[in-house]
Amino acid sequence: MVRIFADSTNDLGPELTARCKTTIIPLYVTIGDRTGRDGVDINPADIFEWADRTKDTPKTAAISPDDAMDAIRASVEAGDEILFFGISTEMSTTCNSVRLAAQALDAEDRVFVVDSRNLSTGIGLIILEAARMVEEGMKAADIVKELEEIIPKVRASFVIDTLVYLARGGRCTATTALLASALKIKPRIDVVDGTMGVGAKYRGKRQMVFPKYAKELEEKLLKARPDHVFVTHTATDEEAQEIKAYLESLHYFKEIHVTTAGSVISSHCGPGTLGVLYIEA
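Before going into details, it helps to say that this report is about the structure given with it. Keep in mind it's a predicted model, so treat the numbers as computed, not measured. (Residues numbered from 1 in each chain as written. Predicted model: local features only at pLDDT ≥ 70, side-chain atom pairs only at ≥ 80, totals over all residues. Heavy atoms only, no water.)

This part is about the pairing of strand E2 (residues 22–25). As defined by bridge partners, strand E1 (residues 2–7) adjoins E2 across four bridges and the pair is classed as parallel. Its bridge partner lying in E2, Asp 7 is registered against Ile 25. Traced from E1 through helix H1 (residues 13–19) to E2, the parallel crossover comes out right-handed. (Pairing = 2+ DSSP bridges. Helix = DSSP H or I, 4+ residues; strand = E, 2+ residues; numbered from the N terminus. Right-handed = clockwise from strand over helix to strand, strands pointing away.)

It is worth spelling out the packing of aromatic side chains at this point. Evaluated as defined, the whole model comprises one aromatic pair. Taken together, a centroid distance of 5.1 Å and an interplanar angle of 90 degrees make the contact between Tyr 252 and Phe 253 edge-to-face. (Phe/Tyr/Trp six-rings, centres within 6.5 Å; stacked < 30°, edge-to-face > 60°.)

Read across the sheet, three strands follow the order E4-E3-E5 without closing on themselves; strand pairing throughout is antiparallel. Each edge of the sheet is formed by a strand with only one pairing partner; in this case those strands are strand E4 (34–37) and strand E5 (59–61). Within this sheet the neighbouring strands show an average axis-to-axis angle of 25 degrees, counted without direction. The pairing of strand E3 (residues 28–31) with E5 spans three bridges and is classified as antiparallel. The partner of Thr 30 across the bridge, within E5, is Lys 59. (Axes fitted to C-alpha atoms, helices over the stretch in contact; angles between N-to-C directions.)

Relative to the elements of secondary structure, Asn 118 occurs in the loop between strand E7 (111–115) and helix H5 (121–135). You can call Asn 118 buried: its relative accessible area is 2%. (Buried < 20%, exposed > 50% of the residue type's maximum accessible area, 1.4 Å probe, protein only.)

So this is what it looks like as structure tokens:
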């Protein structure tokens, strides 16, 4: 049997995680003197309240090889094949921890570590594809081969309301964050080849920027794989539902999923972030 495991940065949410029969191995988030597991002990609301109160930035940490061994041991001992999906190796050592766990359990031939080259529901899209293949009865090695063709086609981007969290985490300067705030600049962050970069810059309130961002994607969306599209966010439910309604108006996608970003992703993007994620055809 093929079992699916993933780290907690995939942001699929409980319903889709259960649908994909995926076991989550959580990363860690530290706020002050408190360390907890992403999605288990610490949630985004905890992070935003603490960060705004202390003017400090959360710290995140990958899973350890011991965490990975504890998670996959029973499946390895049962003789299952394992597919593990992790955040891009440029962003975390999580994938390497699972490789080390597989070595320690003498199961390298049955544990397949898939570097998503992505984050958030960019990983989730890949898991959905893998889950479909598992249901079709494909072997793990064959699924990995198919996914090698899909992973470069995953498109993930997010519009960020504030650069404060990136600045606190050292991913941009405080001066840049202050200037962006003063000019009401909302950058679009694109994931390309496993790393994040600024793809565009918008000006104005996010209630106006989010629809503009989604509309600019329309031509590409109408050429995407029609099975799934995600709206993943740390914004308000109303803002996310507005973008979902726009996607519904295209009469193109079979399933439109709205999910909230987990604690690790939220630690870096902050509140008021929204992204549209899909796979190119």
